[in-house]
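Listed here are the chains, written in short residue letters.
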Amino acid sequence: MTFCILERVVMILVEDLTIVSQREIAPRIFEMVLKGEMVADMQVGQFVHLKVPDPSKLLRRPISISEIDYDKKEATIVYRVEREGTAILSKMVAGQTIDTMGPQGNGFDLSGLGIADTALIIGGGIGVPPLLQVAKELHSKGVNVTSVLGFATKAVVILEEEMKKYSRVLITTDDGSYGRKGYVSSIVSELSEDFTAVYACGAPGMLRYVNETFCSHPRAYISMESRMACGMGACYACVLHVAGEDQAVNKRVCEDGPVFETGTIVM
């Protein structure tokens, strides 16, 4: 096992994590459980940068952390097979190791919340997995959590039962094959609660809606996904413009995010 420590606000490690299990939980969507010392440093909302075990694949694949089990030193990731790189990852099996850089990025702020508070979780598609640990930790604090989750169709609904352990779950599908037909906005707009905090992750269109709807909310956060190269903020391949500033002012998804306060970035 090899560790490489890099200097930054949050320590980044490079470690060969062991695959505990892997299974397909929906068409082209896989759940992988990884084990290693790195797990002790993981925080809700961060991501790991995986090296594809193929010399022709030079760039790592950033994947959000879905669940963290500190006692077992295990972390769960959920990803969708998009191209050849993630297809290779999906064929790996228990017992193999995977070169992993992480934990990376700044996660969700759950501090100061307790039994008197309510939280709204808004997730879309493959953006739902990183919100599972959010729901889990909020529930442990006694926060009353409502989760509104949107998917394209019933076949790709994931983590519904897991989210129900920690929150009230409301689901929409684009085609109406499960839950309410439409987008998450159709349910969110009807909720009358004044939520203490809001947490969201999903497709750009959904995040744009959340960013605009909760732009002045004091505790609303969105987790962004982006293509990236180095994953450490050096290459500036994953920049976002800062709201209200000159176009030259930007933030990096890998280093300054992936979580941002609503109203602070241009979408």
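Placed above this text is the structure.
The following refers to the structure shown. (Residues numbered from 1 in each chain as written. Predicted model: local features only at pLDDT ≥ 70, side-chain atom pairs only at ≥ 80, totals over all residues. Heavy atoms only, no water.)

Describing the sheet that holds strand β15 (residues 259-261)
Test applied: Between any two strands, pairing holds if DSSP finds at least two bridges. Secondary structure elements are taken from DSSP: a helix is a run of H or I of four residues or more, a strand is a run of E of two residues or more, and numbering for both begins at the N terminus. Here, residues are in contact when the closest pair of their heavy atoms is within 4.5 Å. Lines fitted to C-alpha atoms define the axes, with helix axes restricted to the stretch in contact, and inter-axis angles between N-to-C directions lie between 0 and 180 degrees.
In spatial order, the strands read β10-β9-β8-β7-β11-β12-β15; together these seven strands make up an open sheet with mixed pairing. Looking along the sheet, the strands with just one partner apiece sit at the ends: β10 (180-181) and β15. The sheet contact formed by strand β11 (residues 197-201) and strand β12 (residues 220-223) spans four bridges and is parallel. Within β12, the residue paired with Y199 across the bridge is Y221. Across the face of the sheet, helix α5 (residues 204-213) comes into contact with β7 (118-124), β11 and β12 while running at roughly 160 degrees to β11.

A closer look at the pattern of salt bridges
Here is the rule: The term salt bridge refers to a side-chain nitrogen of Lys or Arg lying within 4 Å of a carboxyl oxygen of Asp or Glu. Think of it in three bands: with a 1.4 Å probe and only protein chains considered, a residue is buried below 20% of the maximum accessible area for its type, exposed above 50%, and partly exposed in between.
Per the stated rule, a full pass over the model turns up 12 salt bridges. Where R219 meets D109, a salt bridge forms, and the shortest distance between an N and an O atom there is 3.6 Å. Here D109 lies in the loop between β6 (97-104) and β7 and R219 lies in the loop between α5 and β12, a separation of 110 residues in the sequence. When its relative accessible area of 32% is taken as the criterion, D109 is described as partly exposed. The salt bridge involving E193 is made with R168; its shortest N-O contact spans 3.5 Å. Of this pair, E193 sits in the loop between α4 (184-188) and β11 while R168 sits in strand β9 (residues 168-173); the two residues are 25 residues apart in sequence, bridging distant segments of the chain.

Comments concerning the side chain of T86
Following the sequence through the fold, T86 ends up in helix α1 (residues 84-90). Judged by relative accessible area, T86 falls into the buried class, the value being 11%. Excluding anything up to four places from it in sequence, T86 contacts R61, Y79, R80 and V81.

A word on the layout of surface pockets
Applicable threshold: Buried and open spaces are told apart on a 1 Å grid over the protein atoms alone, a cavity being a set of points where a 1.4 Å probe fits but cannot get out and a pocket being an open set with protein on both sides within 12 Å along at least five of seven lines. Residues with an atom within 4 Å of a point are the lining residues. Grid points are joined across faces, edges and corners, and a volume is the space filled by probe spheres set on the points. Three classes are used: nonpolar for Ala, Val, Leu, Ile, Met, Phe, Trp, Tyr, Cys and Pro, charged for Asp, Glu, Lys and Arg, and polar for all others, with Gly counted as polar.
In this model, the second largest pocket occupies a volume close to 490 Å³. Tallying contributions element by element places α5 first for the lining of the second largest pocket, with three residues. Classifying every residue of the lining of the second largest pocket gives 11 nonpolar, nine polar and four charged.

Some details on the nonpolar core
Note the following rule: Among the buried residues, those of types Ala, Val, Leu, Ile, Met, Phe, Trp, Tyr and Cys that are joined through side-chain atoms within 4.5 Å form a nonpolar core.
Among the nonpolar cores identified, the biggest contains 32 residues, and F108, I121, V134, L138, I158, M163 and Y199 are the most heavily contacted of them. Among the elements of the structure, β7, α2 (129-140), β8 (144-151), β9 and β11 are those that each provide at least two residues to this core. At five residues, α2 tops the list of elements feeding residues into this core. Non-local contacts of I158, meaning those with residues more than four positions away in its chain, are made with I25, A26, I29, V78, G125, I126, V128, P129 and F151. Ranked by size, the runner-up nonpolar core spans 23 residues in total, among them M38, I63, A75 and I98.

Brief notes about the sheet that holds strand β5 (residues 74-80)
Within the closed barrel, the six strands sit side by side as β1-β2-β5-β4-β3-β6. Their pairing is antiparallel. The sheet shows a mean angle of 45 degrees between the axes of neighbouring strands, direction not considered. Across the sheet, α2 is in contact with β4 (61-69) and β5; its angle to β4 comes to roughly 25 degrees.

Here's the deal with α2
Burial in α2 covers these residues: P129, P130, L131, L132, Q133, V134, A135 and L138. Looking at the buried positions of α2, the neighbouring elements they touch are β4, β5, β7, β8, α3 (160-164) and β11. A positive phi of about 90 degrees marks G142, the residue just after α2.

As for α5
Quick reminder of the rule: Directions pointing from the helix axis toward each C-beta atom define the arc.
Residues of α5 that are buried include every one of M206, L207, V210 and N211, and no others. For α5, the buried positions fall inside an angular range of 135 degrees around the axis, keeping them on one side. Among the exposed residues of α5, those pointing more than 90 degrees away from its buried face are P204 and E212.

Let's talk about the packing of aromatic side chains
How we decide: Note on aromatic pairs: the rings of Phe, Tyr and Trp (six-membered ring only in Trp) are paired at centre separations within 6.5 Å, and the planes decide the class, stacked below 30 degrees, edge-to-face beyond 60, tilted for the rest.
In the structure shown here, the tally under the stated rule is three aromatic pairs. Here F30 and Y79 contribute two aromatic rings whose centre-to-centre distance is 6.0 Å and whose plane-to-plane angle is 20 degrees, an arrangement assigned as stacked. Of this pair, F30 sits in strand β2 (residues 29-35) while Y79 sits in strand β5, and the two are 49 residues apart along the sequence. For the pair F30 and Y79, a shared accessibility class is recorded, and that class is buried.

Function-wise, these values are silent; they only describe arrangement.
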